[in-house]
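Each chain is listed here by its residues.
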Amino acid sequence: MTPPVMSDNPLLADWTRADGVPPFDRIMPEHFRPAYDRALAEHEAEIAAIAADPEPPTFANTIGAMERGGRALTRVGNVFHVLAGAHSNDELLAIERDIAPQIARHWNRIHTNEALFRRIDALAKVAGTLGLDAEQKRVLERYHISFRRAGAGLDAAAKKRLAEIIERLAALGTAFSQNVLADEQAFVLSFHEEAELAGLPAFMRDAMKSEAQERGRDGYAVTLSRSSVEPFLQFSDRRDLREKVFRAFVSRGDNGGPTDNKSIIAETVLLRAERARLLGFADFAHYRLDDAMAKSPDAVRDLLDTVWTRARKKTLADRDDLQALVQEEGGNFKLAPWDWRYYAEKLRRRRCDFDEMAVKPYLNLDQMIEAVFYAAKRLFGLTFRPRTDVPVWHPDVRVWEVRGRDDKLFGLFFGDYFARPSKHSGAWMTSLRDQQRLTGDVRPLIVNVCNFAKGAEGETTLLSFDDARTLFHEFGHALHGLLSNVTYPEISGTNVATDFVELPSQLYEHWLEQPDLLRRFALHYRSGEPMPEDLLARLLAARNFNRGFATVEYVACALVDLDFHSLSAADRIESAAFEAQALSRIGMPDEIVMRHRPSHFAHIFSGEGYAAGYYSYMWSEVLDADAFEAFEEAGDIFDPAIAKRLHDYIYAAGGSRDPAEAYKLFRGRLPSADALLRKRGFAAPAAAAA
Ligand SMILES: [Zn+2]
């Protein structure tokens, strides 16, 4: 049965723009359900035709046909995900709850379609004799692995149970993320008295004023977005208010009310374990890592333990210094988690003679965007031209046309930088269209979403150094999408192993820390003067200050993630108790909490993105620290020969090779963790080259 078609549904009409940008100005929430119905039915029919093809399987009539299929579904899904993440509302949230299990069911039906898998399996068995090029071989291999990992080849009873599990997991993931969003939206702390603003610098007051206005309130507001909470904890002199904000921040999804996520977590980890067992793995972590660069939980634990031991030791020493500072100031209390950032900031000012506020006026968002583009030009020859004639989903979204050295069009880049109530917290890269050449020269439409606190009306938006790092990070992902140069969608852009996907983003952060770049772009937002040399030197020297803390709050998350996913299908847990035990086992300092507590750990529970995969950032950092040393060894941070290898084997290559092989082609060898330990200040700098 064909679902009714709304004749004026822009999601179903042919988009008339040559650049493929969706008509955001005409897309309404009510268009999604009918569009999804049509797109799903269309894709189902395409798959049925491929599976029932009377011709014997060939790469073209099976893999090629699948790669060409599902166009409408991809298109509708991409638009939906951008809106659901960056500019949501109650209608879209309701659709998301309905659609997520439906999509999960759809893909599960495809992955467990026996006739279809027989064709793929038959091709995989004779892959060497099919006359395929390297990319086609890789795509075939990826299909075969994905199908097997999704349950193709299981018996009927196992398939049925798997389908139930997958659908339930999708619903749980959506509920998890909506609960966190609800808790974030529900909390606003408004201040009207000067006494409540004690210690807060002017840039924060401006941002808080505009947060309040955005929510139709007077005065100054703190919200639960990270870029609102962290500076508040860093600067507010009011210990009582720091505690209040901190408690609200860490209890997102853990409040005992209707938006509590603890039972969702318990059910999720149980179902993931059962699924892994059905697929022949000991637990979810083994299942997950089998298809990652790391290959096994042991390899991951080795790395995390090495880093944890060093970071924890450093952090305990730092804690004692902070406690001493409390005493010295006459404070008669034990340092609490809501005090750490505040006293660390004081200690940093003293030790490194450096304070965050002195730097901020030099980190103006527009200039930092220019800096991000400049590095892309020097490394890869890209230029960026602003476009104001492209439809967008919110007036704050900016668009640039991206071209290469010979003026070749690479694609469009969308930057959606400011926090607003309709946006999920965090920062991410996504796409409205991926690069591919299978159905013509399809140019990518790449999106960066951030949550920077917007400057007050008519004022410049100023970033913290961490915000600037986020800007570079997400743009590194964007480059991975924009520079992609492959034929098949399956391996386009960021479609790579999770523990490899952070390499392009984290590597890009290194250029932000280069004096050459900061001298050029860190200009005072009023005077246009460059950052004074001594401030620049102190900023870079302070870079590893408090790095133990940042490492501990991160590695604790990665270890607890691994613990949750090392459970067997029989282990029923209570999430809060499990979290407490896991943290006590590793000796988590009392004064630090996980960067993401389980109840709002969206990376691993709002969908499966980083489940048993949060370690990926650290794994990728082993790679990025080692990769950047290649430029340092060459004595030129834009060395053209290294940049070319980086382009060819990493940024443009998508998933066309095994990640370890790709890295070796770039660097000539695999990395060890040494460069990472040096970068984080947990090991002595490399000796001068002999
Ligand atoms: Zn990232």
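Position numbers for residues count from 1 along each chain, tracking the sequence in the order it is written. Selection of residues for local features in this predicted model requires a pLDDT of at least 70, selection of side-chain atom pairs for listing and counting requires 80 or more, and totals for whole chains, interfaces and linings are taken over all residues. Excluding hydrogens and water, the side-chain figures rest on all heavy atoms present in the structure.

J.: Hey, could you run me through the overall build of the chain in this one?
T.: Each helix and strand counted, the chain has 27 helices and seven strands in total. Note on method: radius of gyration uses C-alpha positions; expected globular size equals 2.2 Å times residues raised to 0.38. Against the compact-globule benchmark of 26 Å for 690 residues, the chain has a radius of gyration of 25 Å, which places it among compact chains. Dimensions of the chain, computed from C-alpha atoms along their principal axes, come out at roughly 80 × 60 × 60 Å. With 690 residues in all, the chain has 59% of them scored as buried. Secondary structure elements follow DSSP: runs of H or I no shorter than four residues count as helices, runs of E no shorter than two count as strands, and numbering proceeds from the N terminus. Exposure categories follow from relative accessible area, calculated using a 1.4 Å probe and restricted to protein chains: below 20% of the type maximum is buried, above 50% is exposed, and the middle band is partly exposed.

J.: I'm lost on unusual backbone geometry in this one. Help?
T.: Across the chain, the bulk of peptide bonds are trans and the bulk of non-glycine residues have phi less than zero. One non-glycine residue, K295, adopts positive backbone phi at about 75°. Of note, K295 is situated in the loop between α12 (284–290) and α13 (297–328). With relative accessibility at 48%, the residue K295 sits in the partly exposed group. One non-glycine residue, D407, adopts positive backbone phi at about 70°. Along the polypeptide, D407 turns up in the loop between β4 (398–403) and β5 (409–418). On the accessibility criterion, D407 (48% relative accessible area) is partly exposed.

J.: Sorry if this is basic, but what is going on with the coordination of the zinc ion here?
T.: Around a metal, the idealised angle for a tetrahedral arrangement of four donor atoms is 109.5 degrees; for an octahedral arrangement of six donor atoms it is 90 or 180 degrees. Within the protein, the zinc ion binds to H473 (NE2), H477 (NE2) and E502 (OE); these donor distances fall in the range 2.1 Å. Along the chain, the residues donating to the zinc ion fall in the pattern H-x3-H-x24-E. On the criterion of helical spacing, the pair formed by H473 and H477 is a turn pair, its members being four residues apart in helix α17 (residues 465–482). Each member of the pair H473 and H477 is classed as buried. Only nitrogen, oxygen and sulfur atoms count as donors, using a 2.8 Å cut-off from the metal that widens to 3.2 Å for Na, K and Ca. Water is left out, so coordination shells may look unfilled.

J.: Explain the domain arrangement of the chain to me, please; I cannot follow it from the model alone.
T.: In many analyses, interface size is given as the accessible surface area lost on bringing the parts together. Reported domain spans reflect what an automatic or database domain assignment gives. Domains assigned within the chain are domain 1 (29–111 + 113–153), domain 2 (187–250) and domain 3 (262–352 + 547–614). On a C-alpha basis, the centroid separation for the pair domain 2 and domain 3 is 27 Å. With 14 residues of domain 2 at the interface, the matching set in domain 3 holds 18 residues. For any pair of parts, buried area is found by adding up, for both, the accessible area (1.4 Å probe) each one loses once the two are put together. The contact between domain 2 and domain 3 buries some 1400 Å² in all, and 52% of this surface belongs to carbon and sulfur atoms. Linking R595 and E230 is a salt bridge whose minimum nitrogen-to-oxygen distance equals 3.9 Å. Any pair of residues with heavy atoms lying within 4.5 Å of one another is described as a contacting pair. Any carboxyl oxygen of Asp or Glu within 4 Å of a side-chain nitrogen of Lys or Arg constitutes a salt bridge here.

J.: What's the story with the pairing of β5 in this structure? I'm lost.
T.: Every regular strand shows the same layout, with side chains that alternate between the two sheet faces. Most of β5 is tucked away, with nine of its 10 residues classed as buried. We treat two strands as partners when DSSP finds at least two bridges between them. Across six bridges, β4 lies against β5 in antiparallel orientation. The residue bridging V402 from the neighbouring strand is G411, located in β5. Two successive antiparallel strands, β4 and β5, enclose a turn made up of five residues, where D407 displays a positive phi of approximately 70°.

J.: Explain the packing of aromatic side chains here, please?
T.: Working definition: an aromatic ring pair is given by the centre-to-centre distance plus the angle between the planes. Aromatic rings from Phe, Tyr and Trp, with only the six-membered ring used for Trp, were paired whenever their centres fell within 6.5 Å, and each pair was classed as stacked if the ring planes differed by under 30 degrees, edge-to-face if by over 60, and tilted otherwise. Taken as a whole and assessed by the stated rule, the structure comprises 42 aromatic pairs. Ring geometry for F191 against F232: centres 5.8 Å apart, planes inclined by 25°, an arrangement best described as stacked. One end of the pair, F191, is in strand β1 (residues 188–191); the other, F232, is in helix α9 (residues 226–235), and 41 residues separate them in sequence. On the basis of relative accessibility, which here comes to 2%, the residue F191 falls in the buried class.

J.: Please explain the environment of D283 as it appears in this structure.
T.: With respect to the helices and strands, D283 occurs in the loop between α11 (262–278) and α12. Overall, the relative accessible area of 8% leaves D283 in the buried class. For D283, the residues in contact, after removing those within four places along its chain, are A276, H565, S566 and L567. By the criterion applied in these results, polar contacts are pairs of N or O atoms within 3.5 Å in which, for protein atoms, one can donate a hydrogen and the other can accept it, and in which residues neighboring in sequence qualify only through two side-chain atoms. A polar contact is formed between the side chain of D283 and the backbone nitrogen of H286, at a distance of 2.8 Å.

J.: How should I be thinking about the nonpolar core in this particular structure?
T.: Generally speaking, nonpolar side chains in soluble globular proteins are found buried as a group. Residue types Ala, Val, Leu, Ile, Met, Phe, Trp, Tyr and Cys, when buried and joined through side-chain atoms within 4.5 Å, form a set referred to as a nonpolar core. With 148 residues, the main nonpolar core has F413, Y417, F475, Y508 and W511 as its most contacted residues. Ignoring sequence-local partners within four residues, the contact set of F475 consists of V372, F373, A376, F384, F413, N448 and Y508.

J.: Honestly, the sheet that holds β5 in this entry has me stumped. Any pointers?
T.: Sheet strands pair via backbone hydrogen bonds, and the direction of the pair is either parallel or antiparallel. In space, the five strands of this open sheet follow the order β3-β4-β5-β7-β6, with mixed pairing throughout. The sheet terminates laterally at β3 (383–387) and β6 (428–433), the two strands that pair on one side only. Between one strand axis and the next, the sheet turns through 30° on average, direction left out of account. Strand direction decides the pairing type here: β3 and β4, joined by five bridges, are antiparallel. Bridged to P386 within β4 is W400. Interaxial angle, 0 to 180 degrees, is taken between N-to-C directions of lines fitted to C-alpha atoms, where a helix line uses only the stretch in contact.

J.: Please clarify how helix α22 (residues 575–586) should be interpreted in this entry.
T.: Residues lying three or four places apart along an α-helix face the same way, a consequence of the helix completing one turn every 3.6 residues. Here α22 contains 12 residues, and its C-alpha end-to-end distance of 17 Å stays within 8% of the 16 Å for a straight helix at 1.5 Å per residue. Taken together, the buried positions of α22 are S575, F578, E579, A582, L583 and I586. In an axial view of α22, the angular spread of the buried residues amounts to 125°, which keeps them on one side of the axis. Among the exposed residues of α22, those pointing more than 90 degrees away from its buried face are Q581, S584 and R585. Looking at the packing, one finds that the buried side of α22 touches α11, α13 and α21 (547–564). In a helix, the anticipated span is given by 1.5 Å times the number of residues less one. To be clear, the arc concerns the directions from the helix axis to the C-beta atoms.

J.: For this particular structure, what's the right way to read the packing of α13 against helix α24 (residues 616–634)?
T.: Geometry of a packed helix pair, given as the angle between the helix axes and the separation of the axes. Closest axis-to-axis distance for the α13/α24 pair is 10 Å, and the angle between their directions is 75°. By the angle between their axes, α13 is roughly perpendicular relative to α24. For the pair α13 and α24, contact is made by A299, L303, L304 and V307 and by M618, W619 and V622, respectively. Reported orientations rely on four angle classes, namely roughly parallel under 35 degrees, roughly antiparallel over 145, roughly perpendicular from 65 to 115, and oblique for the rest.

J.: In this structure, what is going on with a negative patch on the surface? I would like to understand it.
T.: Together, D8, E30, D90 and E91 make up a region of like negative charge exposed at the surface. Along the polypeptide, D8 turns up in the segment before α1 (32–51). The class of D8 is exposed, set by a relative accessible area of 57%. By definition, no residue in a patch forms a salt bridge, and every one has over 30% relative accessible area; like charges are joined within 9 Å, nonpolar side chains (Val, Leu, Ile, Met, Phe, Trp, Tyr) within 5 Å. Surface accessibility follows the Shrake-Rupley procedure with a 1.4 Å probe radius. Residue values consider only the protein chains on display as shielding. Asp and Glu are treated as the negative residues and Lys and Arg as the positive ones, with His and the ends of the chain left uncounted. Charge positions come from single atoms, namely NZ of Lys, CZ of Arg, CG of Asp or CD of Glu.

J.: In this structure, what is going on with the pattern of salt bridges? I would like to understand it.
T.: Where side chains of opposite charge bring their charged atoms close, a pairing between them can arise. For the coordinates displayed, the defined rule picks out 69 salt bridges. Taking the shortest distance from any N to any O, the salt bridge between R142 and D291 comes out at 2.7 Å. Separated by 149 residues along the polypeptide, R142 in helix α6 (residues 134–150) and D291 in the loop between α12 and α13 bring together distant segments of the chain. Of the residues examined, R142 reaches a relative accessible area of 17% and is grouped as buried. The class for D291 is partly exposed, based on a relative accessible area of 25%.

J.: Help me understand helix α8 (residues 202–214), please; the structure alone is not making it clear to me.
T.: Between its first and last C-alpha, α8 extends 18 Å over 13 residues, near the 18 Å set by a 1.5 Å rise per residue. Every buried residue of α8 is accounted for by F203, M204, A207, M208, S210, E211 and A212. Check the buried side of α8 and you find it contacts β1, β2 (220–223), α9 and α15 (356–359).

J.: Explain the side chain of H473 to me, please; I cannot follow it from the model alone.
T.: Of the residues examined, H473 reaches a relative accessible area of 9% and is grouped as buried. Polar side-chain contacts of H473 include one of 2.7 Å to the side chain of E509. Sequence-distant contacts of H473, that is, excluding residues within four places in its chain, are made with E502, S505, Q506 and E509.

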